[in-house]
Amino acid sequence: MNTLTLGDLAPQFTLQNQFDQSVSLTEALKTGPVLVYFYPKASTPGCTVQAQGLRDSKGQLANHNVTVLGLSPDPVAKLLKFNDKQELNFALLSDEDHAVADAFGVWGEKQFTPRNFL
């Protein structure tokens, strides 16, 4: 797994959001900085807390014109349910084949307690 380092160009991508609309990094960057974050699965405890934190920080991020894009391997329909349940205020993008996560170097086996996850 090759992770990005300071100064690397972010891989360009276009993915479907929770409303089944195309969202591209190129377009998002036209309005200012973009915070791209990856999470493994919608509606899990850790991912929910992370999303809620970003939702609740929207005002502070907006003061700096930051666009938030959350990427996961979940299908669009699941992202919409997660969005609606948590009342999120940013784009959730479906990276079902984890090609974008691979390009950023963040897809791979993770270890949590004695169990490993993909």
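Just above sits the structure.
This is a predicted model, so every value here is computed, not measured. (Residues numbered from 1 in each chain as written. Predicted model: local features only at pLDDT ≥ 70, side-chain atom pairs only at ≥ 80, totals over all residues. Heavy atoms only, no water.)

Engineer: So what's going on with unusual backbone geometry? Residues and values would help.
Structural biologist: At N65, a position not held by glycine, the phi torsion is positive, near 55°. With respect to the helices and strands, N65 occurs in the loop between α3 (58–62) and β4 (67–72). Looking at N65, the relative accessible area reads 49%, which means it is partly exposed. Here H98, not a glycine, exhibits a phi torsion of approximately 50°, which is positive. With respect to the secondary-structure elements, H98 resides in the loop between β5 (91–94) and α5 (99–104). Assessed through its relative accessible area of 23%, H98 is described here as partly exposed. (Helix = DSSP H or I, 4+ residues; strand = E, 2+ residues; numbered from the N terminus. Buried < 20%, exposed > 50% of the residue type's maximum accessible area, 1.4 Å probe, protein only.)

Engineer: Got a sec to walk through the side chain of D95? Specific residues and values, please.
Structural biologist: Along the chain, D95 falls in the loop between β5 and α5. Using a relative accessible area of 3% as the deciding quantity, one classes D95 as buried. In this structure D95 touches L15, S72, P73, D74, V100 and A101, once residues within four positions along its chain are discounted. (Contact = heavy atoms within 4.5 Å.)

Engineer: Residues and numbers for the sheet that holds β5, please.
Structural biologist: Hydrogen bonds between backbone atoms are what pair the strands of a sheet, whose relative direction is either parallel or antiparallel. The strand order across the open sheet formed by 5 strands is β2-β1-β5-β4-β3, and the pairing between neighbours is mixed. Two strands close off the open sheet at either side, each with one partner strand: β2 (22–24) and β3 (34–38). Mean inter-strand twist for the sheet, computed between neighbouring axes without regard to direction, equals 40°. In this structure, strand β1 (residues 14–17) lies alongside β2, joined through 3 bridges in antiparallel fashion. Bridge pairing in β2 links L15 to V23. This element, helix α2 (residues 45–56), spans β3 and β4 of the sheet and lies at about 165° to β3. (Pairing = 2+ DSSP bridges. Axes fitted to C-alpha atoms, helices over the stretch in contact; angles between N-to-C directions.)

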